[in-house]
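A closer look at the structure
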Amino acid sequence: MVNQALQVLLLQSGTHADLVFEQLKNVRSYITVRQQVDTVVMDENLLFSSNWDVIIAHYGSTKLYYEEILQILRGAKLEIPLILIADHIAAADAVRALKAGVSDIVFTSEIGRLHESINFEIQSAKSRQLQLQPVSSRHAEAILVGQNHVLELIVRGTPLPEVLNALALVIEQLSEFQKCSFLLLDASHNQPYDGAVIPNTYNQAMNGINVGISGCSCTMTGRTFESVAVEDIVQDPFKSQNLDFAQKYGGQYCWSLPILTKSGELLGMFAVYYDQPCTPNDADKQLIIKAVHLAAVAIELARTEDALRLTQAQFQQLAANIPGAMYQFLLSTDGSYKFPFVSPSCYEIYELTPFEIQQNPQKLFDIVRHQERLNLQISIQRSANKLEPWEWEGRIVTASGKEKWIKGAARPARQPNGDILWDGLVMDITESKRTQEALEQALHKLQHTQKQLIQTEKMSSLGQLVAGIAHEINNPVNFICNNINFASEYASNLLAILNLYQKYYPNPVKEIQQQAEAVELDFLKDDFPKILASMQTGTDRIDEIIQGLRCFSRIEETTAQNVNIHSIIDTVLLILHHRIKPNGHKPGINIIKQYSTLPLIKCYPGQLNQVFMNLIANAIDALEESFLVSLHKVPHLLDKLTIQISSYLSNDNSYVGIKISDNGPGIALEKQDQIFNAFFTTKPVGKGTGLGLAISKQIIVEKHNGKLECISQPGQGTEFVIEIPVGLDESY
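Residues numbered from 1 in each chain as written. Predicted model: local features only at pLDDT ≥ 70, side-chain atom pairs only at ≥ 80, totals over all residues. Heavy atoms only, no water.

Observations regarding the overall build of the protein
Counting its regular elements, the protein contains 23 helices and 21 strands. Burial analysis of the protein (732 residues in total) assigns 42% to the buried set. Taking all contacts inside the protein whose residues are at least 6 apart in sequence as the whole, residues at least 24 apart take part in 63%. Split by element, the accessible area of the protein, about 40400 Å² in all, is 53% carbon and sulfur. (Helix = DSSP H or I, 4+ residues; strand = E, 2+ residues; numbered from the N terminus. Buried < 20%, exposed > 50% of the residue type's maximum accessible area, 1.4 Å probe, protein only. Contact = heavy atoms within 4.5 Å. Areas by Shrake-Rupley, 256 points an atom, 1.4 Å probe, with all protein chains shown as cover.)

So, empty space enclosed by the protein
Enumeration over the complete set of coordinates arrives at three cavities of 30 Å³ or more. Taken as a whole, the largest cavity holds about 310 Å³ of empty space. Together, 19 residues line the largest cavity, and Tyr 327, Phe 339, Tyr 350, Leu 364 and Trp 390 are the ones closest to its centre. Those elements that provide at least two residues to the lining of the largest cavity are strand E10 (325–331), strand E11 (337–342), helix H13 (346–350), helix H15 (362–366), helix H16 (370–386), strand E12 (390–397), strand E13 (403–414) and strand E14 (420–428). At three residues, E10 tops the list of elements feeding residues into the lining of the largest cavity. Taken together, the residues of the lining of the largest cavity break down into 18 nonpolar, one polar and no charged. The space that makes up the second largest cavity amounts to roughly 70 Å³. Counting only elements with at least two residues in the lining of the second largest cavity, the list comes to helix H7 (137–155), helix H8 (160–174) and helix H12 (282–321). Tallied by class, the residues present in the lining of the second largest cavity amount to eight nonpolar, two polar and one charged. (1 Å grid on protein atoms, 1.4 Å probe; cavity = no way out; pocket = protein on both sides within 12 Å on 5 of 7 lines; lining within 4 Å. Points joined across faces, edges and corners; volume = space filled by probe spheres on them. Nonpolar A, V, L, I, M, F, W, Y, C, P; charged D, E, K, R; others polar.)

Focus: the pattern of salt bridges
Once their charged atoms are close, side chains differing in charge can pair, the charge on each being opposite to the other. Tallying each qualifying case throughout the model produces eight salt bridges. As a salt-bridge pair, Asp 570 and Lys 593 come within 3.1 Å of each other at their nearest N and O atoms. Of this pair, Asp 570 sits in helix H20 (residues 565–575) while Lys 593 sits in strand E16 (residues 590–594); the two residues are 23 residues apart in sequence, bridging distant segments of the chain. Residue Asp 570 is classed as partly exposed on the basis of its relative accessible area of 30%. Through salt bridges with shared partners, a single network forms among Arg 579, Asp 621 and Glu 624. (Salt bridge = Lys/Arg side-chain N within 4 Å of Asp/Glu carboxyl O.)

Structural data, given as structure tokens:
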């Protein structure tokens, strides 16, 4: 039957039937038959429909009736291995299944080893059929009781030496003449290192022998992976290893069997000793085969648990040392969710223990700030839909009231049943966020200060330039103004003498008469005083402009002064007069002043100069823009460009208000919230820096503890309202 294909019955049921079938159909030596299972009770005809070599069923569907399958097989005295495929199974259920006679349980996560399990169980079944004769029911029951006892020890996690010791005791109690020992290999697979029941002196003698070199039945078994029987140890050619034991403890016969994994890896050797030369009977053989099988299960499980404990310890150490909390988040197909794993460090972040989170995962979402929960849910859903990495950062509020910034990242993987499992890490980034915010604030403050310094430097330079020009102009103007006074006095004296001459010498010589007619003496006498008066008016005007420039240049004043705020506004209007008056094709702008009686207010006049200069200049710009737009559309509006400036005193006399309004195009609604932002401008590129209103608001709010507001409607003009306390607190 070596080359004959194996008949495999697959009871098709559950979500993983296709996965199992794929594993089986890729093996050419299998003839696999799939049978849909719809009922709990198994049809006997199905089991007898062919000479099955192995039966495979899904535990999730067969857990209620696999015992009935085994009863049918026992009733027919069929040695057909029954292998269960399980998504997961409780330890108690696994023991119950193995006690009942299930050959093996293969998890879907380890479906790749199904082929090894099939081969192992079939070979084991063949060995039992070839070597064993039926034993008494009483002996079989005793074997089953001993087997179940050992299985329970394995499931309870009993240390391996105790499990093997209990197994050896069971064998020795059931066999009157046997003594046995389990010799396990170390990591190098060369040296046995443990015994179970044989006295320690023997164990010590065997411990450390080299399987590849030493000569005895056990080492031969270790090298050949086959059973080795020595009928008389004293006469054995390799007696040097076993003779002392044989003479001291009376061991004459030795039978060594390899303990193998289902994939054929050597785990150790099982040695059986008899007090006299003989061969094991069928009952002893059945005991020995059971013992080897159970020992392989116990050793593999112990090694797996050791590796798992080591992995868990390494993982726990990693989880404890990384900056943050590790977790697993499982989203089921029905929409429910849970956290299969959460590292203990989660408490430092959430003030929730892993137990609290796993018992009620909603607690973790409840502490997320309400306005950020929707974004969190959307990010999880997007990651689930596209199976793309999940990233999110947001704020939580812990039970103690602490607000924290956290950042999470995870990678999703769809499970065979359709659930999605994320493996992730979450970190507390509160300090880094605070540092970032502090840096941003510092940067903003630095940029703000830099803008102030730039503007201050510009205005300071402008002030120095204006002051210098005003000083240089003032000297010649003073010279002219003073000399005009003398010229007027001299002219008046000369005209008085001329009048006396005309009175007392009415008939001058002909030459004087001709000259008088040539210069139009009568007109000259009338017009000359007017010219001097006009020159006086001009010099007075120049003097006013100089005084205004001097006032404007006082930007760097560091102390507040009591001033008439109207005079500051008038000075600005004087300086901007060239833009207000008609000029070529541009009409003039009507300035309407509605001043109320105001007290002197304590302020920084140079800085207020700058504010009024910015606001009035902006109004002029808006009106000029309106003029250009209206030039061809509504010409009749060109003579109605108006800036209105009004002042008022509050009812409690605590502050004064200034309103500067224009009838220009107004400001778009979407831009009104930004006009006081630095570098924001509504003007064309190259025409404005966007600093004027930002600095104006800073001067009013920060320097004068006042208010600056803008009221505008598109198409209905713009109004700026300034309110300044009458008595300035310079410590503000």
